[in-house]
Every structure is written in structure tokens, then in C-alpha cells.
Amino acid sequence: AGDFGFARRAPEALLFHAASALAGGDDQLATALYERVETDYPLHPLAAEARLALGRTYYARGDYARAETALVVALDRPASPERSAETAYFLGQT
């Protein structure tokens, strides 16, 4: 998964790595990386983005219970109006 440490751009790098893993079909790695963003950088603005991506990943797998859990958490996090709307949409689909 690469060790990004506590570099200033680490959350962004982790999200890009997760998106790359997901595009390559490795949703388990993507899930671990999204969770790492949230665990290691819970106050970073991208933590909400990671939680939304995690919810979308679970949703795509058909794991609707986990998707709902992830999306409820994402909805409680500060996010842009667009991200909040997307989160609410996916939550409504679960």
C-alpha cells in the first residue's frame, strides 16, 4: 500500500492510490486505503471524501449494509454541498 507517513499531502496520495487500485480491480486494497485516510487523518477535509468513496465501493460490491454504515458516517462529516448531495443519494439507494 505504500508508506506515505505523515507527509502533508498523504491523504491526497492515499486517495489517488485507492482510486488507482479500484480502477485496477483491487477493491480490497482500495477499501483498506480509504479506511486508512479516515483512520490516520480523521480531521482532514479528505476524510469525508474517503468515507464517501468507501460507501460507493461497498455499494458497487452489493454490500449494502456496509455501504449504508459508511454513508451515514460520511453524511455526518463536513463536506461540500455537492459531496453531501452525492452521499445522500447513495444512502437513499441502499
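For the structure, see preceding data.
Residues numbered from 1 in each chain as written. Predicted model: local features only at pLDDT ≥ 70, side-chain atom pairs only at ≥ 80, totals over all residues. Heavy atoms only, no water.

Visitor: Any chance you could explain the packing of helix α1 (residues 10–23) against helix α2 (residues 27–40) here in plain terms?
Guide: A pair of packed helices can be characterised by two numbers: the angle between their axes and the separation between those axes. The interhelical angle for the contact between α1 and α2, taken along N-to-C directions, is 165°, at an axis separation of 8 Å. It follows that α1 is roughly antiparallel to α2 by the angle criterion. The element α1 and its partner α2 pack so that their crossing is left-handed. Touching P11, L14, L15, H17, A18, A19, A21 and L22 of α1 are D27, L29, A30, L33, Y34, R36 and V37, all from α2. For the contact of α1 with α2, the residue count by class is 12 nonpolar, 1 polar and 2 charged. (Axes fitted to C-alpha atoms, helices over the stretch in contact; angles between N-to-C directions. Helix = DSSP H or I, 4+ residues; strand = E, 2+ residues; numbered from the N terminus. Parallel < 35°, antiparallel > 145°, perpendicular 65-115°, else oblique. Left-handed = near helix turned anticlockwise from the far one by under 90°. Contact = heavy atoms within 4.5 Å. Nonpolar A, V, L, I, M, F, W, Y, C, P; charged D, E, K, R; others polar.)

Visitor: Whenever I open this one, the environment of A79 confuses me. Can you help?
Guide: Along the chain, A79 falls in the loop between α4 (64–76) and α5 (81–93). Since its relative accessible area comes to 38%, A79 is described here as partly exposed. The spacing of A79 and G62 is 17 residues in sequence and 25 Å in space, taken between C-alpha atoms. The residues touching A79, leaving out its near neighbours within four places in the chain, are A48 and S84. (Buried < 20%, exposed > 50% of the residue type's maximum accessible area, 1.4 Å probe, protein only.)

Treat this as a map of the structure, not an account of what it does.
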